[in-house]
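# Per-entry structural report
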Amino acid sequence: MKNLWSKKGPRVLAVVLGCLALTLALGAGGRLARPEREGAEEDKFVGFHLVFEAIMDRNLSEEEQSYWVEYGEETLDTEGFGSFSIPREILIGRYDEETGQYLFPGKEGVNCFLVAREMEGGGSFYTGHSGLADAQISVGDQESSVSGTVYMGDMAPGHESPEYGYSMTAYRVYQMKDGTVYLDGSGNGYAGEGDMTATTEESWTETVNGEEKTTSLKVSFTVKWVERLQEVSVTWFDGEDRPLEGRKLTMEEMGAEGLTLERPQGAQWALVTETDENGAVKRTAYTLEEEGVSHRLIRLDERGLGTPVYLTLA
């Protein structure tokens, strides 16, 4: 897995040997009014929003462009021409009460950040990691952290690939003092086979009741490469290890929501066999508990973005 590019404001990016050259610039389009805020320098980094997208094509539709708002300015340095300031544009996230996820129009993806939300009637809870596999969060008075995993693999056979394929882009996410969550288009892109883990840690010093207090946030995510599964089979056995029944499943049968299979009478344990498109086989045995067991599979969409689904042996 390679870090393909990094972006801070509009940039022209080149990748040697991969012959990737791309300009990441958000279109002008209609703009909403600039939010009345205290200033971007007061905002806190809270993590990343992970988006699986075409490497070369980051053009936004007119509707998607309209969600980006002007917020402060940023200074760009150029060789031979000095520096100049341009309006900084941000994309504000909307919290979905049903899923517990922050949505960024035109940048659909997985949250990997940590923010506190106030509850009606008082109190607060931490969110910003919905949809993140193997998510782990820790919240303390001085140190907090969030981590998790996203999956990617080869495109499906016959899928019409965009030029240079897809990458996982980790957009930096910030939070204003009033609780507003946004991304500003800066971040890194990762592509290629293999696994990659990125970790970022930032700290802040504030004055609380006349005393200085330092807090820090550590954010870590792993982009994990998986092979596309061709077939999954389940074989049921009785208490004397005699096979009772078997079933073969395609990932299409598994579906996006997973699948539940009822055990045959007398079944004591089951063997789940995964076969990927390269012919590699992985076998997992389960003793069947009364409440059933769940076997996790990674389902790749046509582009190669992976989502955990569960085969439940009821």
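Scroll up for the structure.
I will try to describe carefully the structure that is included in this document. Keep in mind the model is a prediction, meaning the values are calculated, not measured. (Residues numbered from 1 in each chain as written. Predicted model: local features only at pLDDT ≥ 70, side-chain atom pairs only at ≥ 80, totals over all residues. Heavy atoms only, no water.)

### Topic: the pattern of salt bridges
Counted according to the given criterion, the structure contains twelve salt bridges. For Lys-177, the salt bridge goes to Glu-42, with nearest N and O atoms at 3.7 Å. With Lys-177 in the loop between β14 (166-175) and β15 (181-191) and Glu-42 in the loop between β3 (20-24) and β4 (44-54), the pair connects residues that are 135 residues apart, well separated along the chain. The exposure class assigned to Glu-42 is partly exposed, which follows from its relative accessible area of 37%. In this structure, Arg-242 and Glu-240 form a salt bridge, with 3.5 Å as the shortest nitrogen-oxygen distance. Using a relative accessible area of 58% as the deciding quantity, one classes Glu-240 as exposed. Through salt bridges with shared partners, a single network forms among Asp-238, Glu-240 and Arg-242. (Salt bridge = Lys/Arg side-chain N within 4 Å of Asp/Glu carboxyl O. Helix = DSSP H or I, 4+ residues; strand = E, 2+ residues; numbered from the N terminus. Buried < 20%, exposed > 50% of the residue type's maximum accessible area, 1.4 Å probe, protein only.)

### A word on a nonpolar patch on the surface
Together, Tyr-126, Ile-137 and Val-139 make up an exposed nonpolar region whose accessible area comes to about 240 Å². Mapping Val-139 onto the fold places it in the loop between β12 (133-138) and β13 (143-152). (Patch = residues over 30% accessible without salt bridge, like charges linked within 9 Å, V, L, I, M, F, W, Y side chains within 5 Å. Areas by Shrake-Rupley, 256 points an atom, 1.4 Å probe, with all protein chains shown as cover.)

### Things to note about the nonpolar core
Counting 31 residues, the largest nonpolar core has Leu-50, Phe-221 and Val-223 as the members making the most contacts within it. Of all the secondary-structure elements, those providing two or more residues to this core are β4, β5 (68-78), β9 (110-113), β13, β14, β15, β16 (196-208) and β17 (211-225). The contact partners of Leu-50, leaving out residues within four places of it in the chain, are Gly-109, Val-110, Cys-112, Leu-132, Val-150, Met-168, Thr-169, Ala-170 and Phe-221. Core analysis: the next-biggest nonpolar cluster, separate from the first, contains 18 residues, Met-251, Met-254, Val-272 and Leu-313 among them. (Core = buried A, V, L, I, M, F, W, Y, C linked by side-chain atoms within 4.5 Å. Contact = heavy atoms within 4.5 Å.)

### Description of the sheet that holds strand β22 (residues 281-287)
Spatial strand order, β19-β18-β21-β22: four strands in an open sheet with antiparallel pairing. Each end of this open sheet is capped by a strand with a single partner; those strands are β19 (243-249) and β22. The average angle at which neighbouring strand axes cross in this sheet is 15°, direction not considered. Looking at chain direction, strand β21 (residues 269-276) and β22 are connected through seven bridges and run antiparallel. Residue Leu-271 lies in a different strand from β22, and its bridge partner there is Ala-285. (Pairing = 2+ DSSP bridges. Axes fitted to C-alpha atoms, helices over the stretch in contact; angles between N-to-C directions.)

### Let's talk about the packing of aromatic side chains
Evaluated as defined, the whole model comprises eleven aromatic pairs. When the centroid spacing of 5.4 Å and the interplanar angle of 75° are considered together, the rings of Phe-45 and Phe-48 count as edge-to-face. Judged by its relative accessible area of 7%, Phe-48 is buried. Considering the side-chain rings of Tyr-102 and Phe-113, the 5.6 Å spacing of their centres and the 55° angle between planes classify their relative orientation as tilted. Of the two residues, Tyr-102 is situated in strand β8 (residues 101-103) and Phe-113 in strand β9; the sequence distance between them amounts to eleven residues. Here Tyr-102 and Phe-113 have matching classes, each one buried. Taken together through their ring pairs, the aromatic side chains of Phe-45, Phe-48, Tyr-71, Tyr-174, Tyr-182, Tyr-190 and Phe-221 make up a single cluster. Cation over ring: Lys-44 sits above Trp-204, and NZ or CZ is 5.2 Å from the ring centre. (Phe/Tyr/Trp six-rings, centres within 6.5 Å; stacked < 30°, edge-to-face > 60°. Lys NZ or Arg CZ within 6 Å of the ring centre and 35° of its normal.)

Nothing here speaks to function; it is geometry throughout.
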